[in-house]
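# Summary of the model geometry
Letter by letter, the chains look like this.
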Amino acid sequence: MLYSMTPSTNYLPFREEQRKRDNSEIVATFPDGYDERGDLGKAKRRRIAEGTPSSVGSVVPKVGNSWWKFGAIEKDFIKDILKKESQTSTVSDTAFSFKTLGHSDATPQIGTTGTNYPPYILSAGTTEQTLSAPLPNNLFNIAETTRNVDYGDDGFSSDDSNPTLKFRAYQAENWSEKFEELIEFRNKYGHCLVPNSFKENPTLAQWVKRQRYQYKLKQEGKRSTVSDERVEALEEIGFVWDSHKVVWEERLTELIDYKRQTGNCNVPSRYAENRQLAIWVKRQRRQYKFYCTNKPSSMTEERISRLEAIGFEWDLRSKYANNLGKVPGRLIAGKGSGGKKPKNPFASTIILPETGFSQRANAIQREPEIQQFWKDYDLYNKLSESAPNERFILHDGPPYANGDLHCGHAMNKILKDFINRKQVLQTMKSKERQALTPITLREKAAAFAKEAVEKQSKGFQRFGVFGDFENPYLTMQPEFEAAQIRVFGDMFQKGYIFRGRKPVHWSPSSRTALAEAELEYPEGHVSKSIYVSFKVQEASDAIKDFHSDESPVKVAVWTTTPWTMPANMAVAVNPELSYSVVEHEKTGKIIVATDLMGSLAAKLGLEEGTSFDVLCTVTGADLVGTKYTHPLYERNSPVLAGGDYITTESGTGLVHTAPGHGQEDYQTGLKNGLELLSPVDDVGKFTIEAGERFAGMSVLGDGNQAIIDALTEAGALMKAEDYGHKYPYDWRTKKPTIFRATDQWFASVEGFRDSALKAVDEHLLPDATIETELFNPDTSSKVKWVPAVGKNRINSFVSGRGDWCISRQRSWGVPIPVFYDKETGKEVLLDDHTLDHIEKIFAEQGSDAWWKLDEKDLLPEMYKDQADKWKKGTDTMDVWFDSGSSWSGVANAREALAYPADVYLEGSDQHRGWFQSSLLTSTALNGHAPYKTVITHGFILDEEGYKMSKSLGNTLDPWQIMEGGNNKKLEPAYGADVLRLWVASVDYTGDATMGPNIIKQIFESYRKLRNTARYLIGNLADFVPAGQPDSNAVPYDELPSLDKWMLGRLSAVLKEADEGMEEYHFQRAIQELLRFASADMSNFYLDVAKDRLYISAVDDARRRSCQTVIHALLEGYAKALAPILPHMAEDIWQNLPYSKPTESVFEGGWPAHLTTFEEHDTEQWEFVRLLRDDVNKMLEGARSDKLVGASLDAAAFVYVPDEDKRKMLQALVGDEHLIVPPVKTNGVDELRTVLMLSQVHLVDTPEEIANSCDEKYISSAETLSGCTVGVAKAAGKKCERCWFYDTEIGTLGLPHDDVCQRCNDAISVWERTKGETFTRPPVEEEQPVA
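Our next topic: the overall build of the protein. Counting its secondary structure elements, the protein contains 40 helices and 40 strands. Within the protein, buried positions represent 52% of all 1330 residues. Of the accessible surface of the protein, which amounts to about 60900 Å², a share of 48% is contributed by carbon and sulfur atoms.

Right, dumping it as structure tokens:
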């Protein structure tokens, strides 16, 4: 019998059950609503219905033989009900079973209804054993009346007639029983962590597991059977909801105890005394590996830090052998005290890296700590105070403080920080709104801006951006506003500022004029375009023969703004173009550009095979003087000569001209004295000037269509169609704008355009004076544009710039300090006296004073008696005038700064924004650019190359990159340095792609850089640099050739990185550093240095010389990384194992002393590196065939055909045996150690290689080095300490006969240094585990 629990809490039979008993085929129909909770999915449903294994752990071979585990509580309850209802069953207690589809813990809570349950199947035994009688029909009926049942204090109701209540009462009773059992368990074992496999009471284990699951549902806000009372009761007895966390803490405590006993954390896998601890330790390493590879893992940054704090090692390949010997033999599993044989019994005499510099950055914790160190140390001010007189100034543009930071912000601010940090090193020596008054609106705007500034400031600092965040500049600061008034006043006094009536971009949604930079052009805009014909009222001489009252000629025009037709004052033609008077029965006689006759015929849909009849062809100049009648008004207008903006690319070649609604139209009208008609109000509706029919209609809505309808009625409409094109929208409201003539304040760019264009090329040097040495070659220099194409962009914008509308009709912003005559509204009061007075007021009180004070207080003393005559204006300045004045309010105003600034850096859209407005104001007043260098960056695209947008859902939050997502396994916390590394790795001058996969790749590069630093630090634990007491550094002249070569490489890399950063090519700089860390250091120098660092005696000259080089590498590496990865660089610096030269990595300047090393034996070592690559390639095959394991198991045979190169290698051939001190070489410049081989034989012919090596392990002559290379098994015995092979091992009668003479000497030095005799740890044969 199949039953279902539905979301309405009624247990109902399946609606329909089709049972096809062909063998085991079953088809079951699931009830409606089941998907609302725990949807199994179609595939799982099918598997269950078909009787195949399912991932929910269910097998249903047959309906009559189905087993669904219902849970002990429900099973016992149903059995009790069957007995009470006098029902019998042939099924025994042991065979009686229920099973639920996926949710065995979905039991209803006492006193609740509406629980959502999964389906249940009830059956028993085998196919022969079935229930002798069906279950009572009312068994699972839960009446809606239970919602109103009154329960007693114990949660039970006296209404025992309701089976639902009996079921819930049974549950409550069972819960109490299990709770008592849990208390007994706790009393016995001391905790409530009942194992899942607790055999003494398996139902208790299941019950405990269910409580944790239900608690999890409760925490997620889902339905749960764990009430607040039950949670409190369980917690009172010490119940822990996260059992894994408790176990982890217990095991950590055991590990700490183990370390106290043994001195290390390396618990052997056969640790018999605490097998669980051994398993746990192994699991931590495995989970750490998963964590490092971004796979699902239980490991967290916190756990990593706590384990590393007690000396836990993640990689035992190097330290396991050393520490294992300290474990008491009795603790190792097996008979006796035997165990695994240590890898190296001499491990205690080997000098391995030691450092507290973590392999993992733990960025989410460590980076904020480093930032706090900078703050506590007051690093910014210390560096600022110690800066030279000639400061480097990067002027940060004033962004709109209007929201959360995104990846574009990150790229912008991080690029600026690269420059600043490098210079630090380099130079060291609605409706609600309508109800608001202007002042309350300004207060709200200021509060919003301040909140956003604080939020963004925290974000910028989290990026690691270096700056004086305690003293930022804000455009709403009184001193800035006063400086802006001064710029406005100076431009007014020079005659560049004027008031006029001109068409401007107007936003009906914002009710203000807009600048070009405040517009955006979204994709997908569609306008209604129309072709209209105007009847000629008076024809020019050239066409009058074809015109008559009975058969008039018409002027054909085309426009995408039908709503501007009421403002039509003329039709413009290009005097140089060819025009034709054409005729067709569908259109009559019309004038059209000759080149557009065909396209117009097609557009108007002339019958196939027909075309216009050409009556005459004339020039545009011949049409001038023609007059036409407006189809909607009794108004005659002229055909005029326009400009070269009239082309034959589209339309008719004749341009509908409305001077009040277009820039070119305005210029044409101004030249010809046309009326400036603009019958549109502030909200974008027609005024009465457009006629009573249209008054009050929206020009972008019903008014537009009304004009089309009126033209149709007048017989003037030739064609109307949809036209997709780019159209300007208000960037704030995201709504379309219009061109509209209004009274505005303008800056006449024409008056200083030439100066601005010249300033694009040149800026003043620091000592130049503007008045006398403007653009003198000796006192000026070219502005640098990065990328160079930026110069062309700014030139095009300035060249085509008309008058700059600087006034806005809104309350927030800096007011235009002008007074208007109350009677006329036209006469203005604006002079030196009013400007100086307003500037002083703003400097003291801020621009809010303009709205708070009346005219009498705002006017200077000489005008106070005229206060009744004047009314203060309400217009404010364009925000681009605000930001364009920042050179005056910031760079030129603050003593610590300088003007012109060294760098302006913003997105590429700022060529028409801040870069341009700053250039215009600066050149208007001072004749030169406000910057020396202008850098632009592109925008952020997703991994597929699409622009990031919230609507596409492809944005990436920089905070998520730094701090991680909710699921740290899937969205790990990479930290700010990884974000910064991405910025440095891309070509920022164009658009850059970004996404999770790209960040993962960047993270791998970051790990490589960090691990390299960790290795460098670890090998300097006992090193004392030159210049410090007891220094053990080696002078440069005494260094081996290889070490001098490495220092030469360091100098070359530092110069390349320095040059890249100085030229703002950060990608070039970081790529060089990555290549250096990987190819030069890790893959070659540091790899071959391991022998002398680890194996040599502590004060061996070979080892100290290597440490001397590593010291230089580390400091140069940290300094070079500092501008790009400041947190990592500072972390390196704070972990230097010797006395730091400065407190911070950013103090002390760029490491110029490390750039002076000359290249040394470059040809020799580059050739050796190529030979090394050839040898390693041959070793790969030998390893695959198990001929050798490690490279030291092999010997190489090399034939060098080039005599000069052969001599080069011959000088690097060392002694035949491993001896100290070496005789033939210095022990460093030696092929054996550089190639990491036990023996290297230079042979005279290729045949000698063939005689010594198997053919498959011999290269061809076409190798990277040009040498023929063969590898074979090394001769002699393996030294158990250094693992080199030597034929003399065991033959010299040394104290340790299984190691070479060199290692015997190193052990002797170790004994003298330690003051103890080396004792080999006991090693016994491995025994089988008992």
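Continuing now.
With that out of the way, let us pick up the nonpolar core. In this structure, Trp 982 and Met 994 are the most contacted members of the largest nonpolar core, which totals 142 residues. Top contributing element to this core by residue count: helix α33 (residues 1066-1095), with 16 residues. Those residues in contact with Met 994, other than ones at most four positions away along the chain, are Cys 407, Ile 940, Leu 941, Asp 942, Glu 943, Met 948, Leu 956, Ile 961, Leu 979, Trp 982 and Ile 999.

Together, Arg 275, Lys 282, Arg 283 and Arg 286 make up a region of like positive charge exposed at the surface. Assessed through its relative accessible area of 54%, Lys 282 is described here as exposed.

Backbone-to-backbone hydrogen bonds join strands into a sheet, with any given pair of strands oriented parallel or antiparallel. Taken together, four strands build an open sheet; the order of strands is β7-β32-β33-β25 and the sheet is parallel. The two strands at the open ends of the sheet, each matched to only one other strand, are β7 (394-395) and β25 (784-786). Where strand β32 (residues 901-907) meets strand β33 (residues 931-937), six bridges bridge the pair, whose relative direction is parallel. Residue pairing in the sheet places Gly 907 in a bridge with His 937 of β33.

The next thing to look at is the sheet that holds strand β36 (residues 1194-1199). Spatially, β37-β36-β38 is the arrangement adopted by the three strands of the open sheet, whose pairing is mixed. Of all strands in the sheet, those with a lone pairing partner are β37 (1239-1243) and β38 (1268-1273), marking the two edges. On average, each strand axis in the sheet is tilted by 20° relative to the strand beside it, whichever way the strands run. With six bridges joining them, β36 and β38 adopt antiparallel strand pairing. When the sheet's bridge partners are listed, Ala 1195 is paired in β38 with Ala 1272.

Turning next to unusual backbone geometry. Residues Val 786 and Pro 787 are joined by a peptide bond in cis, for which omega reads 0°. The residue Pro 787 is located in the loop between β25 and α22 (789-799) in this model. A cis amide bond links Val 1220 to the next residue, Pro 1221, at an omega of -5°. Tracing the backbone shows Pro 1221 in the loop between α37 (1203-1210) and α38 (1231-1234). In this model, Arg 511 sits at a positive phi of 60°, which is unusual for a non-glycine residue.

Here we come to helix α15 (residues 478-493). The first and last C-alpha atoms of α15 sit 22 Å apart over 16 residues, in line with the 22 Å expected at 1.5 Å per residue. For α15, the complete set of buried residues consists of Phe 480, Glu 481, Ala 482, Ala 483, Gln 484, Ile 485, Val 487, Phe 488, Gly 489 and Met 491.

Turning our eyes to something else, we now look at the environment of Leu 711. Relative to the helices and strands, Leu 711 is located in helix α19 (residues 702-713). Given a relative accessible area of 0%, Leu 711 falls into the buried group. Note: C-alpha distance between Leu 711 and Met 565 (146 residues apart in sequence) is 9.4 Å. The contact partners of Leu 711, leaving out residues within four places of it in the chain, are Ile 530, Val 532, Met 565, Pro 631, Leu 632, Ala 716 and Leu 717.

The next subject is the state of the cysteines. Evaluated as defined, the whole model comprises zero disulfides. Just so you know, Cys 1300 is unpaired, no disulfide at all, and the nearest cysteine sulfur is the one on Cys 1303, 3.6 Å from it. Judged by its relative accessible area of 1%, Cys 1300 is buried. Given the relative accessible area of 0%, Cys 1303 is considered buried.

Our next topic: the pattern of salt bridges. All told, the structure shown has 43 salt bridges when counted by the stated rule. Across the pair Arg 693 and Glu 713 runs a salt bridge whose closest N-O atoms are separated by 3.0 Å. Taken as a pair, Arg 693 in the loop between α18 (663-672) and α19 and Glu 713 in helix α19 lie far apart in primary sequence, 20 residues in all. Judged by relative accessible area, which is 44%, Arg 693 ranks as partly exposed. Salt-bridge contacts for Glu 1072 lead to Arg 1075; the nearest nitrogen and oxygen are separated by 3.7 Å. Remark: Arg 1075 and Glu 1072 occur in helix α33; sequence separation between them is three residues, near one turn of the helix. Look at Arg 1075 and you get partly exposed, because its relative accessible area is 32%. One salt-bridge network, held together by shared partners, links Arg 1049, Glu 1072, Arg 1075, Asp 1080, Glu 1166 and Arg 1169.

A word on the environment of Ile 543. Its place among the elements puts Ile 543 in the loop between β11 (526-538) and β12 (553-559). Beyond its immediate chain neighbours, meaning those up to four positions away, Ile 543 contacts Val 581, Ile 591, Cys 616, Val 618, Leu 623 and Thr 626.

Attention shifts here to helix α23 (residues 832-845). Its 14 residues give α23 an end-to-end C-alpha distance of 20 Å, which sits within 8% of 20 Å, the value for a rise of 1.5 Å per residue. Within α23, burial applies to Thr 834, Leu 835, Ile 838, Glu 839, Ile 841 and Phe 842. Viewed along the axis of α23, the buried residues span an arc of 165°, placing them on a single side of the element. Facing away from the buried side of α23 by over 90 degrees, the exposed positions are Lys 840 and Glu 844. Its buried side turned inward, α23 meets α15, β29 (828-829), α24 (849-852) and α25 (855-858). Positive phi shows up at Gly 846, right after α23, with a value of about 85°.

A separate point is the pairing of strand β13 (residues 570-573). Burial of β13 is two-sided: the residues Ala 570 and Ala 572 facing one way and the residues Val 571 and Val 573 facing the other way are all buried. Judged from the three bridges that link them, β13 and strand β19 (residues 655-657) form a sheet pairing that is antiparallel. Pairing of Ala 570 across the sheet is with Thr 657, part of β19. Pairing analysis gives three bridges linking β13 to strand β18 (residues 636-641), with the strands arranged parallel.

Scored by pLDDT, the protein comes out at a mean of 78, with 79% of its residues at no less than 70. Predicted confidence is poor over residues 81-161, with pLDDT under 50, and the contacts of this stretch with residues over four places away or in other chains come to 190 contacts. The low-confidence segment residues 317-342, where pLDDT is below 50, has 58 contacts with residues more than four positions distant or belonging to other chains.

This next bit is on the environment of Leu 956. Of note, Leu 956 is situated in the loop between β34 (940-941) and α29 (958-963). Taking the relative accessible area as the measure of exposure, Leu 956 reaches 16% and is therefore buried. Taking the C-alpha atoms as reference points, Leu 956 and Met 994, separated by 38 residues in sequence, lie 8.0 Å from one another. Setting aside chain neighbours within four positions, we find Leu 956 in contact with Cys 407, Met 948, Ile 961, Met 994, Gly 995, Pro 996 and Ile 999.

What follows concerns the packing of helix α32 (residues 1041-1062) against helix α36 (residues 1162-1184). For any two helices packed against each other, one specifies the crossing angle of their axes together with the interaxial distance. Two numbers describe how α32 lies on α36: the axes approach to 10 Å, and their chain directions differ by 100°. As far as their axial angle goes, α36 and α32 are roughly perpendicular. Judged by residue contacts, Ser 1041, Leu 1042 and Trp 1045 of α32 engage Thr 1162, Gln 1164, Trp 1165, Glu 1166 and Arg 1169 from α36. Within the contact of α32 with α36, the residues separate by chemical class into three nonpolar, three polar and two charged.

Calculation criteria
Residues numbered from 1 in each chain as written. Predicted model: local features only at pLDDT ≥ 70, side-chain atom pairs only at ≥ 80, totals over all residues. Heavy atoms only, no water. Helix = DSSP H or I, 4+ residues; strand = E, 2+ residues; numbered from the N terminus. Buried < 20%, exposed > 50% of the residue type's maximum accessible area, 1.4 Å probe, protein only. Areas by Shrake-Rupley, 256 points an atom, 1.4 Å probe, with all protein chains shown as cover. Core = buried A, V, L, I, M, F, W, Y, C linked by side-chain atoms within 4.5 Å. Contact = heavy atoms within 4.5 Å. Patch = residues over 30% accessible without salt bridge, like charges linked within 9 Å, V, L, I, M, F, W, Y side chains within 5 Å. Salt bridge = Lys/Arg side-chain N within 4 Å of Asp/Glu carboxyl O. Lys, Arg positive; Asp, Glu negative; His and termini not counted. Charge placed at Lys NZ, Arg CZ, Asp CG, Glu CD. Pairing = 2+ DSSP bridges. Axes fitted to C-alpha atoms, helices over the stretch in contact; angles between N-to-C directions. Expected span 1.5 Å × (residues − 1). Disulfide = S-S within 2.5 Å. Arc of directions from axis to C-beta. pLDDT = per-residue confidence, 0-100. Parallel < 35°, antiparallel > 145°, perpendicular 65-115°, else oblique. Nonpolar A, V, L, I, M, F, W, Y, C, P; charged D, E, K, R; others polar.

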